[in-house]
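Observations on the model geometry
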There are 2 protein chains.
Amino acid sequence: MSGRVLVTGAAGFVGRHAVPALRARGFEVHGVGRAASAEAHWHAADLLVPEARRALVAEIRPSHLLHLAWDAEPGRYWTSARNLDWVAATLDLAQAFTAAGGRRFVGVGSCAEYAWGAPRFDEATTPCRPATLYGAAKDGTRRILAAHAAQHGLSFAWGRLFYLYGPGERRGRLVSDAVHALMAGTAFPTSHGRQCRDFLHVADAAEALAALVAGDASGPVNIGSGTAIPVRALLEGLAARLGGAEHLDFGARPLSATEPPIIAAGTRILTEAVGFRPHFDLPRGLDDTVAWWRARGSAPG
Amino acid sequence: MSGRVLVTGAAGFVGRHAVPALRARGFEVHGVGRAASAEAHWHAADLLVPEARRALVAEIRPSHLLHLAWDAEPGRYWTSARNLDWVAATLDLAQAFTAAGGRRFVGVGSCAEYAWGAPRFDEATTPCRPATLYGAAKDGTRRILAAHAAQHGLSFAWGRLFYLYGPGERRGRLVSDAVHALMAGTAFPTSHGRQCRDFLHVADAAEALAALVAGDASGPVNIGSGTAIPVRALLEGLAARLGGAEHLDFGARPLSATEPPIIAAGTRILTEAVGFRPHFDLPRGLDDTVAWWRARGSAPG
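All figures in this text were calculated on a predicted structure; none of them were measured in a lab. Each chain has its residues counted from 1, following the order in which its sequence is written. Key to labels: chains lettered from A, ligands numbered from 1, both in the order written. Per-residue local features are limited, in this predicted model, to residues with pLDDT of at least 70; the limit for side-chain atom pairs, both in listing and counting, is 80 or more; totals at the level of whole chains, interfaces and linings are taken over all residues.

Some remarks on the pairing of strand E9 (residues 196-201) of chain A
Residues and elements named next belong to chain A. Rules: Partly exposed residues are those whose C-beta has more than 12 but fewer than 20 other C-beta atoms within 10 Å; with 20 or more the residue is buried, with 12 or fewer it is exposed, and the C-beta atoms are placed from the backbone. Helix and strand definitions here come from DSSP, where helices need a minimum of 4 consecutive H or I residues and strands a minimum of 2 consecutive E residues; each element is numbered from the N-terminal end. Here a strand pair is declared whenever DSSP counts at least two bridges between the two strands.
The buried fraction of E9 amounts to six of the six residues, a majority that puts the element mostly inside the structure. Judged by which residues are buried, E9 turns out to be covered on both faces: Cys 196, Asp 198 and Leu 200 on one side and Arg 197, Phe 199 and His 201 on the other are all buried. Inspection of the sheet shows strand E7 (residues 163-165) paired to E9 by three bridges, in the parallel sense. Across the sheet, residue Leu 164 finds its bridge partner in E9, namely Leu 200. With three bridges connecting them, E9 and strand E11 (residues 228-230) associate as antiparallel partners. Paired with Asp 198 across the strands is Ala 228, a residue of E11.

Shown next, in the form of structure tokens:
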């Protein structure tokens, strides 16, 4: 695979892993994001500024685009007004990319696009009926981009992320907050933990996205492990490695009424059309995550 | 009904009729569009310029918004890149409207949002699967706006226009072009005309939108007559009034393969929840349209 890929959000949780994964596939990788990385040609630009994003694309003229950037501020991104700004920025970025001769656009969506309730989300058959502004913004953006791509003969795919964990996760999210509490020896009040979620190591998610960029699968592709486990089991797995199981206070917080009992990714397209299989199973993924935090020498903060 | 309504696209085909319809319902009507009208408080602003649209909303502080503005250039709007710009402008306008204390937002969509094929489009049961960029842009915008509205407690409805005809229609559209040919005595090459479409007089469509603005119906509402007639019958109706039936060259143009045999609006919500019934049936609507062009003293041009 040769090509020049622009990665937006390249300094983010997924982006930092996607940059090396794309380099390993032979791409010339250009990154834009909040913090520079030596692993990519780095560009400073605020993608929410129209002139900045257009100049960036015109300068790089990427053949491929992996668009990770979006508002992901923990606790706020579900309802943030920034979701609408990112819709606009994404559509404009796609236009600029197309005008600059771009060939393949891979956007990133979420399991929050689906109507929650099905025991497994299938790209072809599970209806999209998001319950949140974030989910609706992603869903609407994908629909419009697909029509734009079809009209211009642009190759287009949309990776739908489920639940991620792994090295470098910022605070305010389940696994990073749990690791913090367990390493610090402080209480971790949480839900009953019986709800099942599909967790994937962030490096695997990034590798799946790199494979999606390099391939030619079209339309939405779930990016998950294919196996949903009780949240409780994941947290207990962390405690088994870090100690401090007594700090996990299951049931101290109510589970939101909108949270379904299970969220699981159907992975047939990811496996068959993209040809991806995860490197980490959950035990090895938790080992890796805990080792990373230990090597860092401090709890997530 | 009291309130201050901002009408975007107020100088357009529908907007010119919507302004008096809203005034008749007691609204203080503010218009923005390409040409000024004495019937509304007029504001000059380019809604595709972020600062301009935000300043407009901040100045007027409308309680209601009827958002008609969009790219409607005949022959080009189905595929125009401007569709993406209007998505962004619409989402930003909705944010500004909400921030300025707006209470009810009525957007305008299209029968092109639906998966064409059903014998009648029903808001609740017919899937939305647009075949065009225009349809996808409208569909995606509506989905995102609905989530924005739900989050902010904003009252939100979405009028889906079908096929319109009537006074003031610009060239490049079926009825205006046919009137032109019939008045000028020139050939009008057209399809076989057996496809059935739901035609509504533009003044009725505007009245329905005004009723929608003044009411509290939520979500998508088809705005149509509820009756689809063969396009051939409509054109023959024009020729019966204007003469020149021999100029109608049915079958001279192929019907696009994407055109379904029938497009008809289900009007239960429009009738029951909005309480609207058309003023014009087709014969009276054609009488009115032909009389308007005759009084104007020249063919559409």
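Describing the environment of Ala 24 of chain A
All names here are of chain A. You can see Ala 24 is positioned in helix H1 (residues 15-24). Accessibility expressed as a C-beta count within 10 Å gives 11 for Ala 24, which makes it exposed. The spatial distance from the C-alpha of Ala 24 to the C-alpha of Asp 288 is 20 Å, given a sequence separation of 264 residues.

Focus on helix H6 (residues 202-214) of chain B
Operational definition: Helix span is expected to be 1.5 Å times the residue number reduced by one.
Its 13 residues give H6 of chain B an end-to-end C-alpha distance of 18 Å, which sits within 8% of 18 Å, the value for a rise of 1.5 Å per residue. The element H6 of chain B is largely enclosed, with a buried count of 13 among its 13 residues.

Notes on helix H7 (residues 231-242) of chain A
Residue and element names in this part refer to chain A. We count it as follows: Working definition of a contact: two residues with C-beta atoms, positioned from the backbone, lying within 7 Å.
Between its first and last C-alpha, H7 extends 17 Å over 12 residues, near the 16 Å set by a 1.5 Å rise per residue. Contacts made by the buried residues of H7 are with helix H5 (174-184), strand E8 (188-190), E9, E11, strand E12 (248-250) and helix H9 (282-296). One or two positions beyond H7, positive phi appears at Gly 243, with a value near 75°.

Regarding the relation of the copies chain B and chain A
We count it as follows: Copies are brought into register by a least-squares superposition over C-alpha atoms of residues with pLDDT of at least 70 in both.
For the match of chain B to chain A, the screw axis carries a shift of 0.0 Å, the RMSD comes to 0.0 Å, and the turn is 180°. Both copies of the chain, as the preceding transformation shows, are related through a two-fold rotation axis.

Overview of the packing of H1 of chain A against helix H6 (residues 202-214) of chain A
What describes two packed helices is the angle between their axes and the distance between those same axes. Residues and elements named next belong to chain A. To keep it simple, the criterion reads: For helices, the axis comes from a line fit to the C-alpha atoms of the stretch in contact; other axes are also lines fit to C-alpha atoms, and the angle between any two N-to-C directions lies between 0 and 180 degrees. The scheme is simple: roughly parallel for angles under 35 degrees, roughly antiparallel for over 145, roughly perpendicular for 65 to 115, oblique for anything else. By convention the crossing between two helices is left-handed if the near helix lies anticlockwise of the far one by an angle smaller than a right angle, and right-handed if it lies clockwise. Classification used: nonpolar for Ala, Val, Leu, Ile, Met, Phe, Trp, Tyr, Cys and Pro, charged for Asp, Glu, Lys and Arg, polar for all others including Gly.
Contact pair H1 / H6: the axes reach a minimum separation of 8 Å and the direction vectors enclose 45°. Looking at the two axes, H1 sits oblique to H6. Between H1 and H6 lies a crossing of right-handed hand. Only Val 202, Ala 203, Ala 206, Glu 207, Leu 209, Ala 210 and Val 213 of H6 make contact with H1, whose side of the interface consists of His 17, Ala 18, Ala 21 and Leu 22. Considering only residue class, the contact of H1 with H6 consists of nine nonpolar, one polar and one charged.

Here's the deal with the interface of chain B and chain A
Of the residues lining the interface, 21 residues belong to chain B; the matching set on chain A comes to 21 residues. Residue assignment for the side of chain B that touches chain A shows that the elements contributing at least two residues are helix H3 (82-99) and helix H4 (133-152) of chain B. Examining the composition of the side of chain B that touches chain A, we find that 11 residues originate from one element, H4 of chain B, more than from any other. Per-class residue counts for the side of chain B that touches chain A are 11 nonpolar, seven polar and three charged.

Side note on the nonpolar core
The cut-off we apply is this: Linking buried Ala, Val, Leu, Ile, Met, Phe, Trp, Tyr and Cys residues through C-beta atoms within 7 Å yields a set, and such a set is a nonpolar core.
Formed by 196 residues in total, the largest nonpolar core has its most connected members in Val 7, Ala 18 and Leu 209 of chain A together with Val 7, Ala 18 and Leu 209 of chain B. Ignoring any residue separated from it by four or fewer positions in sequence, one finds Val 7 of chain B in contact with Gly 15, Ala 18, Val 19, Leu 22, Val 29, His 30, Gly 31, Ala 40, Leu 66 and Leu 68 of chain B.

Focus on unusual backbone geometry
In this model, Arg 61 of chain A sits at a positive phi of 50°, which is unusual for a non-glycine residue. Mapped onto the secondary structure, Arg 61 of chain A falls in the loop between helix H2 (50-60) and strand E4 (64-67).

Here we look at the sheet that holds strand E4 (residues 64-67) of chain B
All names here are of chain B. With parallel pairing, the seven strands of this open sheet are ordered in space as E3-E2-E1-E4-E5-E6-E10. Edge positions in the sheet fall to strand E3 (41-43) and strand E10 (219-223), since each of these pairs with one other strand and no more. Each neighbouring strand pair of the sheet contributes to a mean axis angle of 20°, computed without reference to strand direction. Sheet analysis places strand E5 (residues 104-110) next to strand E6 (residues 155-161), joined by seven bridges and oriented parallel. Residue pairing for E6: Phe 105 is matched across the bridge by Phe 156. Of the strands in this sheet, strand E1 (4-8), strand E2 (28-32) and E4 touch helix H1 (residues 15-24), which is tilted by about 175° from E1.

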